[in-house]
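Summary of the model geometry
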Amino acid sequence: MSDLLPVIAAGFVSGSTYALLALGLVIIFRATDTVNFAIGDIATLGVFVGLSAMAAGASVAAGFAVAILFSGLFGVATERVLIRPLGAGHASLFVALVVTIGLGLLIHAVIATIWGHRPLAVPPLVSGSISIFGISLSWSKIATSAIALVAMAAVAWFFRYTMLGIQMRASAEDHFAARIIGLRPGLIAALAWFLGCALAGLAAFFLAIETSASAALTLSALFRAFAGVFLGGLTSLPGAAVGGFVIGILDNVVGRYMSANYRDTIVFAVIVAVLFIKPAGFMGSGRSARV
Amino acid sequence: MSALTRRSLILAIGLSAAALVSLPQVLSSYAQYVVASIAFFSIAVLAVSMLAGLTGIWSLGHTAFLAFGAYLAANLTALGLPVEAVLVAAFLGAGLFGYVLGLSTGRFSVLYFGLLTMALSLAASEVMEHWVEVTGGQQGMTVDPPRLLLTGASISLGGAFVLSIALATLVFLLVDVVADSHVGRGWLAVKSQRTAAMAIGLNPQRENARAFALSAAITSFAGIGLAYSIAYIDPLGFGLDGGVKLIVATVVGGAGSSLGALLGAAFIVTVPELARAVPAVAYYVFGSATVLILLFLRRGIVPSLRTLLRPTSRAAVPAEAVDVVTLTALVRELLPPASAALRLENVSVHFGGVKALDGVSLVLPAGTSIGLIGPNGAGKTTLLNVCSGFYQPVQGAVVRLGEIDLTGLPAYARIASGLGRTFQHAELFAELTLRQTFETAAALGAGRRRAAGLPESAAADVAERILAGLGLAAYADEFPDMLPFGIQKVADVGRILATGASVIALDEPFAGLDAAERRAIRTILDAMRAAGVSILIIDHAVQEVMAVSDKVVALEFGRLLVEGDPDYVRQHPEVLRAYFGTSDLSQARKVMAS
C-alpha cells in the first residue's frame, strides 16, 4: 500500500476533469432540464478549433482560450437552435436528451471530416515536473488541477454572490415562478449552456494534454462524470464537483488494487449500491409526485 | 387497424422476407444478409421502442442483452445444444436479469434509470473484452452452425437468415399481443398517470419490471439471430455505439410503433451498408436524422404520419342523459357491497411544521356515507390521501378496513381490500381511450367481483356497459385530453365503477361540473348507496354533500370540528363560524339554507 498516496494524487488529478464535466452537466440540467449528452463532443470540437488556432500561429494560451470560448458559444447556439424549440416540461426531458445524442453523432462526423482520424498531440501549458514527498508530479498536472479548482471556485462564487448567479439558482428551483417575477429565461438558459460547455471545454483541453486530441477524447471521462453526477445528485453543484473527485480517486484505487480489467464495472457497481441507499444522490433533492 | 389485420400483416411481411431470402437467385447473398440483419435488428429496436412507448423508459443499455443472447448462442451451440434450448435459456436468463434490473425503476426516476442502463452497457463491454474463456476477448469468437431439434439437422447460413426472420416475426406477434392486452394497457396507465394507476391497483415498480423483463428477453433473441447469421461475434458490435444506434432507430421510426421499429431497423442497417466507402457519412445521417425528426416530427415517422392520416376530431357531442334505472342496476352489478367499516383513529399528518391533520378519528360503517366538509386547508384531501395510501400518517395512527390494517399497505395494494378513490382533477390516463381505461380497470377488478359473487362478464363488456350507462358512448374512443373537464370527471367515476371497489373515497366529484353533469354524478352516488357501497365524499358543494351523506364531518385546520347528521352540522354555530367567520348566525344560516 506504499503507493497509495501517488494513486490518490493521480485520482485527484483525473477527478478534477471529471468534476468539471460533471459541474457542466449539472449547471445545464438545473437551468433547462436537459441532460446534455453532447457536452463532451462540443468540448472536443472546441479543443480541435483551439488546435487549429494554434496551428495558425496562436500561442498555446490563446488556443486554450479559443477552445473554451468556442465550446461555450457552441453550447449557447445548441440551446437556442435545438433545445429551446422542444419546449419545457417533463415530456420533453428524454426528447432533449436524445436530441443531444444526435448532435453528438453529428459533431463526431464533423471532426472526422475536418481533422481526420489521426489523434493530434496537444502541447502542455507548462513543462517539467516536481517531486513532493517522493511523489513525482508533472507541472502540467499540477497546473491543470489548480486551474480546475480555480474554475470551480469561480463558479461557486458566481452562483453564491452575483445577482445573475442568484437569479439562475432561483430559476433552477422553479422555472415558472422565476418567469413570473421577471427573470429572463432565455438569458439564463444561454448563460447556463455557456458556462456548462465552457467548463467541459476546459476539461477536454486537459484531457487532450494528457493523451491527445481525437474524436473520442471525452468518451470515458464523460462516463465517469456521469457517475460523479449520480453520486452527488443531478441537481447539486457541490455534489457534482465532489462526486467527480470521488470517482477519480475510486477509479484509480480500484484500477490499482482490485482489477484493472473490470474497473468500470466495479466503479459502477459501487455507484448503483450507493444509489440504492440514496436514490437522489448524496446532495440531490428528490422530486416527489403530486397527488 | 384491427388486431387481426395487424397480425396477418406481420405474418405476411415475415413470410415474404423468408421467401426472398430462401429462394435462390432472387437476392444476392449480400442482399440476403442485409435482409437478415434488418430482421434481427428489428427485434432489438422493437424491444427498445416498446419499452419507451409503453412505459416511458429509455434504455441505452440494450446492447448488453443483445450480447448476452449472442454469446449464449455461441457457447451453448459449441456445447452441442440445439437452437430451441438456446432460445429458452436466453429468454429466461435475460428476462430474469431484466426483471431484477427493472425493479430498480421503483428506486430511481426514469431519467436516472436511463442513464444507469448506459453504465450497464459499459460494464457489459468490459466483461466481453476480458472474460476471454467465454467470449474470446477482443478477438471475438466464431459461432458454429446451429442444430435444430425440430428437424434434427444443422442449418446452413441461409437457414440462419430464415431463423432470424422467423424470430423477428414471432417477436413482433408477441409484442403486438402484449401491447394490446390489459398488461400493455396497464403499462401505459402507469406511464401516463402513475398516481391514478396505483389507485386502480397497479404497482408501478412491478409493472415496469415486467415490461423491462419482456424487453430484455426478446432482445436476447436479436442476439441469437445475429450470432447465427454472422457466424462471428466480437465486443465491437455491442458497445455503447450499438445502444445509441438502437435509440436512433427508435426515434426515427417512432417509439411504441411496430412498423416504426421495422423502419428504424432498416434505416440503421442500410445507411452504413450504403455508405461503406465513407465512414463518417453514417454518423452524419444518424445524427441529422435524429435531430431533425425530433425537432419536426416529434413522435417519429410512423406515429406522425398516422396522426396526419387520421380523420380530425368531430365537433363536441353533449353527453347523453343518464337513465336512473339502468345505472342503478349497473352499479349494483359492478360494485360489491361493503362488508367492513373503515376506521381512522388519531390520524395526524405533518408537512414540515404544518399540521395538516391533527389527531382526527372517524368511523365509516359498512354501507353508509360520510361527507367531509370544511374550508380550504382544513385537511380534507389530506385525509383522503391517508385513506388511499398516498400520505403516511404520523406514528400511532390507526387506519383499518375491518380486520385489515391499511397503514402498512402501499397505495396500489389498497384497492385489493376494496378501497378505491376518484380524483379532484380526474387524472385520467392520457394515453388510453375511455374504453381502454375502463377495460383495463375492469380486468383488474374482475377478481374482486368474482370473490363477491357478482355476475362475471368480460372486461370489454363491462367497459361497454359503463360507457352506455354514463352516457359516454360518443366519447368511447377518444383520449382524455380531447374531452371537456366535466366529461373527464364523469369518466373518473366510471373508472372506479370498473375497479369493483366497495369503499369509495371521492375528492370533489362535483367541482367544475355543469348542471347535467352534476345530475349524472348524483345519480351514480345514489346508485352506489343503494348498492351498499361505503362512501367518503369531499366537496365544497355543501348542499350536494348533505344530500348524499348519512353523516357529515366538518374539519377545520386539520382538526375535527363537528360531526353529526347533515341537519345538525348545517345548523351548528361552529361550522357557520368556520365557513363565514361571522357571529351573525341568522344571516349565515340564511346563506347556508339557500
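Predicted model only: the values in this text are computed from it and were never measured. (Residues numbered from 1 in each chain as written. Chains lettered and ligands numbered in written order. Predicted model: local features only at pLDDT ≥ 70, side-chain atom pairs only at ≥ 80, totals over all residues.)

Remarks on the nonpolar core
Within the largest apolar cluster, 300 residues are counted, with the highest numbers of intra-cluster contacts made by A:Leu21, A:Ala22, A:Leu23, A:Leu25, A:Ala203 and B:Ile43. Tallying contributions element by element places helix 8 (residues 185–210) of chain A first for this core, with 20 residues. (Core = buried A, V, L, I, M, F, W, Y, C linked by C-beta atoms within 7 Å. Buried ≥ 20, exposed ≤ 12 C-beta atoms within 10 Å, placed from the backbone. Helix = DSSP H or I, 4+ residues; strand = E, 2+ residues; numbered from the N terminus.)

Considerations on the confidence of the model for chain A
On average, chain A scores 85 in pLDDT, and the residues at 70 or more come to 93%. Put simply, strand 2 (residues 135–138) of chain A is where chain A has its lowest mean pLDDT, 74, and helix 2 (residues 39–55) of chain A is where it has its highest, 94. (pLDDT = per-residue confidence, 0-100.)

A closer look at the sheet that holds strand 5 (residues 369–373) of chain B
Residues and elements named next belong to chain B. Ordered by their spatial adjacency, six strands build an open sheet running 8-9-10-5-11-12, and the pairing between neighbours is mixed. Edge positions in the sheet fall to strand 8 (419–421) and strand 12 (559–564), since each has one partner strand and no second. In this sheet, adjacent strand axes meet at a mean angle of 20° when their direction is disregarded. Of the pairings in the sheet, the one linking strand 5 to strand 11 (residues 551–556) comprises four bridges and is parallel in character. Paired with Gly 371 across the bridge in strand 11 is Val 552. The strands that helix 24 (residues 573–580) touches are strand 11 and strand 12; relative to strand 12, the one it contacts most, it runs at about 130°. (Pairing = 2+ DSSP bridges. Axes fitted to C-alpha atoms, helices over the stretch in contact; angles between N-to-C directions. Contact = placed C-beta atoms within 7 Å.)

Focus on the pairing of strand 9 (residues 503–507) of chain B
Residues and elements named next belong to chain B. Counted residue by residue, strand 9 has five buried out of five residues, so it is predominantly covered. Side chains Val 503, Ala 505 and Asp 507 project from strand 9 onto one buried face, and the interleaved Ile 504 and Leu 506 project onto a second face that is buried too. With three bridges joining them, strand 8 and strand 9 adopt parallel strand pairing. From the neighbouring strand, Leu 419 faces strand 9, where its bridge partner is Val 503. Bridge count between strand 9 and strand 10 (residues 534–538): five bridges; the pairing is parallel. Bridging across to strand 10, Ile 504 finds its partner in Ile 535. For the handedness criterion, the β-α-β arrangement of strand 9, helix 21 (residues 515–530) and strand 10 is classed as right-handed. (Right-handed = clockwise from strand over helix to strand, strands pointing away.)

Concerning the packing of helix 2 (residues 29–55) of chain B against helix 7 (residues 157–179) of chain B
All names here are of chain B. Where helix 2 meets helix 7, the axes come as close as 8 Å, and the angle between the chain directions of the two elements is 20°. One element, helix 2, and the other, helix 7, form an angle in the roughly parallel class. Relative to helix 7, helix 2 is oriented so that their crossing is left-handed. Here Gln 32, Ala 36, Ala 39, Phe 40, Ser 42, Ile 43, Leu 46, Met 50 and Leu 54 of helix 2 come into contact with helix 7, specifically with Gly 158, Phe 161, Ser 164, Ile 165, Leu 167, Ala 168, Val 171, Phe 172, Val 175 and Ala 179. In terms of residue class, the contact of helix 2 with helix 7 is built from 15 nonpolar, four polar and no charged. (Parallel < 35°, antiparallel > 145°, perpendicular 65-115°, else oblique. Left-handed = near helix turned anticlockwise from the far one by under 90°. Nonpolar A, V, L, I, M, F, W, Y, C, P; charged D, E, K, R; others polar.)

So, the environment of B:Met198
Here B:Met198 is to be found in helix 9 (residues 194–199). Here the alpha-carbon distance between B:Met198 and B:Ile415, two residues 217 residues apart in the chain, equals 8.7 Å.

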